[in-house]
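# Structural features, examined
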Amino acid sequence: MRPVSPYFRTALLAFGILSVCGCQSGHHPVAAKTPAPPAATKQSPAPALAAQPAQPTSEGAQQASSAQELPAAEKPAPPPAPPAPDAVGNLIASSEQQYQEGLTNYHAGKVEEAKQNFDHALNSLLDSNLDIRSDDRLQKEFDRIVQGVNEIYPGGTSGEIEAAQEPQQKSEPAPIDETNGLAPTADASTKAKAEAQLRATHSDLPLMMTDQVAGYIAYFSGYGRGVFVRALARSGRYHDMMVAELKKQGVPQDLLYLAQAESGFLPHAVSRQGARGIWQFMSDRGRGYGLHHSMYVDDRQDPEKSTHAAARHLKDLYDQFGDWYLAMAAYNSGPGTVQAAVKRTGYADFWELYNRNVLPKETKNYVPIILAVTIMAKNPSQYGLDDVVMEKPEASDTVTISYPVDLRLVAETVNSTVSDLQDLNPSLLRLTTPRDGKFDLHLPAGTKDQYETAIAAIPPDMRLWWRYHTVHQGDTLASLAHTYHTTAKQISEANHLDGTALDTDARLIIPVAPGKHPTETVTYARRITRYKVHRGDTVESVAENFGISAQQLRRWNGLHGSSLGGRHLLLLHLPVSPGTHEAEVASSRSKTKHPTTTPKTETASTKPPATKSSEVEHLKTDKSEVAVVHHKVKSGETLYSIANLYQTTVAALKRDNRNVAVIRPGMILTVQVAR
């Protein structure tokens, strides 16, 4: 090999410096702002960005001349491509380093420094864009650190260990991941029809029809209709708030449909890349627009805060590129990617960049998806959407708190459910509010005074642990003490009781010792239920109908994403009351479609009981006819309210359901009603 000359080293260094400068230029505005006219698919090159023949750098010229001087056999082989970065490995290494430093500081007597190291080790795992539960390496590292720190600090470090072990808010896959991987096509008649409708469409966003847009209109009218309809219905929750914010920031109000394409208006949507929330912000980009996150709260999942950030971000992108299509493309792939494509081609026009294949595939599909969603949503009659029932904005009260509280306690104070409170507070990542600082807690409308009165009876330092319990017929101090892992004496003292008698419907304070909450598990029937997939079904809609989690349904059937396209049958287990002899916990790791045994099955060939909360079968007895009702528990229901609904007693409900003490939405209860 020939030695490298000093001149070549100097040229190489200069080229490296220029490359760095070039990367930084990706954050500066392009020189030309050339909006694409709605009717055109091609635009003349921007004058200031006209494509010029590339001038070789000093390094490139030296390499070219060297290559010409060498015979083919003597030309040096190209350097091997650098290995792909291992994001998981790097994260584990960083966390492990902090953990080991913590151990070193602890054994050296530096207790406070050790606590900070351990907290940093856990936070680096929890605050990353990676899902710990989805990667075995991350899960093992997390469990190992938690176990190690627990052995040193049984009570945790500043509460971080307890918080890390709390149940997390469930996330949902972002619809854009699945839609972006498609390349649908449309026939000539579909495109012609769409073009005719486009001419009558009024929008503050420039709209145009291309083969790609028509293809996605065909997709959302067919296989993707279920996803589209559910997202459109959910938009009613946020439409007025979002339109007002977009208008305030001076951007097209129809950019609302960018959120529909991204997340389907799901606040808990998470993409494969780790983008979160309705507007799908990545962590760093969100932080730049004031969206912060910790192990307790993620502002990217707050509809109001994220909408404000998205409107500002889109306005900044338009100010940079002067074109809404390029702004949307940059929202997807980053302004640096679009800036580089514009500089490379000399065209500040999305469709030119599309045709020249200089944008990532997902970005090329991104803009046509948004245009298709916008055109369909603006023309409901033409696309059979008039019967879509728009959801209403959720009315709520807000109380600003400066103490941590468990949502289960909050639910008990206002006669609500944890699920409803999570819907009202989507930014919460766990079942508790933050340990430090202030938090705006949203409550069901009209319950603020009720909450403040009830919570005042709970010591501030016990609001993560203590509970309220409404007394049902048959409850005793002993049974409650057993259920909540406390003592009858402590319950009596906390409520200033004179004796042991309990009044039905009375509400008691339950002083639960820290860390002694009863374990809650979901129990599923052994019997497999076969469900025939209907047009418009999605994983989420079927899971919601049967009262099971979407994640569990995916595991049982080996599914990914939300679409059920191509699937004709789903296998699932219905949730049942705990303790029933005929029930067992279905494995969350196995896929039901390949059972190792042959359990009994039942067929749900029609829609499951989502529009009705019970199914009734009549049994004949010697004395009378008895209606056996299978009631699916809904949000807000209690044993007492269900007993009143069927004119029976709480004791009878418990008897028929193996003495169930706690019910949750989605459970199936057996109710016998004399006719």
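Just so we're clear, the structure is a prediction, and the values are computed from it rather than from any experiment.

A separate point is the overall build of the protein. The helix and strand tally for the protein stands at 26 helices and 15 strands. The buried share of the protein, reckoned over its 675 residues, is 47%. Taking the intrachain contacts of the protein between residues at least 6 apart in sequence as the baseline, contacts between residues at least 24 apart amount to 70%. Summed over its atoms, the accessible surface of the protein is roughly 34,400 Å², and 52% of this surface lies on carbon and sulfur atoms.

Once that is clear, we can look at the packing of aromatic side chains. All told, the structure shown has 10 aromatic pairs when counted by the stated rule. Each ring, one from Y325 and one from W351, has its centre 6.2 Å from the other, and the planes form 90 degrees; the classification is edge-to-face. Linking Y325 in helix 14 (residues 324–333) with W351 in helix 16 (residues 350–355), this pair joins segments that are 26 residues apart in sequence. By relative accessible area, W351 is classed as buried at 3%. Through successive ring pairs, a cluster of aromatic residues spans Y325, F350, W351 and Y354. Sitting over the face of the ring of Y354, K364 holds its NZ or CZ atom 4.6 Å from the ring centroid.

What follows is about helix 11 (residues 256–263). Of all eight residues in helix 11, eight are buried, a share of seventy percent or more. Of the positions making up helix 11, those classed as buried are L256, Y257, L258, A259, Q260, A261, E262 and S263. Residues of helix 11 that are buried sit in contact with helix 7 (175–180), helix 10 (225–248), strand 2 (269–270), helix 13 (303–321), helix 14 and helix 17 (361–378). Taken from the residues just after helix 11, G264 is the one with a positive phi, measuring 65 degrees.

Time to look at the nonpolar core. Grouped together as the largest cluster of nonpolar side chains are 72 residues, with contacts concentrated most on I217, F220, W279, Y331 and F350. Looking at this core, the element that brings in the most residues is helix 17, giving 10 residues. If we ignore the near neighbours within four places in the chain, the residues touching F350 are Y325, L326, A329, L359, T363, K364, V367 and P368. By size, the runner-up hydrophobic cluster in this structure holds 43 residues, among which are V88, L138, F142 and F439.

What follows covers the confidence of the model for the protein. For the protein, per-residue confidence averages 77 on the pLDDT scale, and residues scoring 70 or more make up 71% of the total. Below pLDDT 50 for its whole length, residues 1–75 participates in 81 contacts with residues either more than four positions away or in separate chains. Scored below 50 in pLDDT, residues 154–159 makes 10 contacts in the model with residues more than four places away or belonging to other chains.

Next up on the list: unusual backbone geometry. Although it is not a glycine, N357 sits at a positive phi angle of roughly 55 degrees. Relative to the elements of secondary structure, N357 occurs in the loop between helix 16 and helix 17. Here N357 falls in the exposed class, since its relative accessible area comes to 52%. A positive phi is found at N415, a non-glycine position, where the angle reads about 55 degrees.

As a further point, take helix 3 (residues 87–107). Taking 1.5 Å of rise per residue, 21 residues should cover 30 Å, and helix 3 covers 31 Å from first to last C-alpha, within 8% of that figure. Those residues of helix 3 that fall on the buried side of the exposure criterion are V88, L91, I92, S95, E96, Y99, G102, L103 and N105. With its phi angle positive at about 85 degrees, G109 sits one or two positions after the end of helix 3.

Enumeration according to the criterion identifies 13 salt bridges in this entry. Note that E141 is salt-bridged to R144, the shortest N-O span being 3.6 Å. Placement of the pair is E141 and R144 together in helix 5 (residues 136–152), with a separation of three residues, close to one helical turn. Using a relative accessible area of 36% as the deciding quantity, one classes R144 as partly exposed. A salt bridge links K305 to D299, with the shortest nitrogen-to-oxygen separation between them at 3.6 Å. What makes D299 buried here is its relative accessible area of 9%.

Structurally, I401 is set in strand 3 (residues 396–401). Residue I401 is classed as buried on the basis of its relative accessible area, which comes to 3%. Ignoring anything within four residues of it in the chain, the contact list for I401 reads T433, G437, K438, F439, L441 and Y451.

We now examine the packing of helix 10 against helix 13. In contact at an axis separation of 9 Å, helix 10 and helix 13 are set at 35 degrees when each is read in the N-to-C sense. Like other packed secondary-structure pairs, helix 10 and helix 13 cross with a definite hand, here right-handed. Two secondary-structure elements touch here, helix 10 through Y238, M241, M242, E245 and L246 and helix 13 through P303, E304, T307, H308 and A311. Among the residues making up the contact of helix 10 with helix 13, the classes are represented as six nonpolar, two polar and two charged.

Rules behind the numbers
Residues numbered from 1 in each chain as written. Predicted model: local features only at pLDDT ≥ 70, side-chain atom pairs only at ≥ 80, totals over all residues. Heavy atoms only, no water. Helix = DSSP H or I, 4+ residues; strand = E, 2+ residues; numbered from the N terminus. Buried < 20%, exposed > 50% of the residue type's maximum accessible area, 1.4 Å probe, protein only. Contact = heavy atoms within 4.5 Å. Areas by Shrake-Rupley, 256 points an atom, 1.4 Å probe, with all protein chains shown as cover. Phe/Tyr/Trp six-rings, centres within 6.5 Å; stacked < 30°, edge-to-face > 60°. Lys NZ or Arg CZ within 6 Å of the ring centre and 35° of its normal. Core = buried A, V, L, I, M, F, W, Y, C linked by side-chain atoms within 4.5 Å. pLDDT = per-residue confidence, 0-100. Expected span 1.5 Å × (residues − 1). Salt bridge = Lys/Arg side-chain N within 4 Å of Asp/Glu carboxyl O. Axes fitted to C-alpha atoms, helices over the stretch in contact; angles between N-to-C directions. Left-handed = near helix turned anticlockwise from the far one by under 90°. Nonpolar A, V, L, I, M, F, W, Y, C, P; charged D, E, K, R; others polar.

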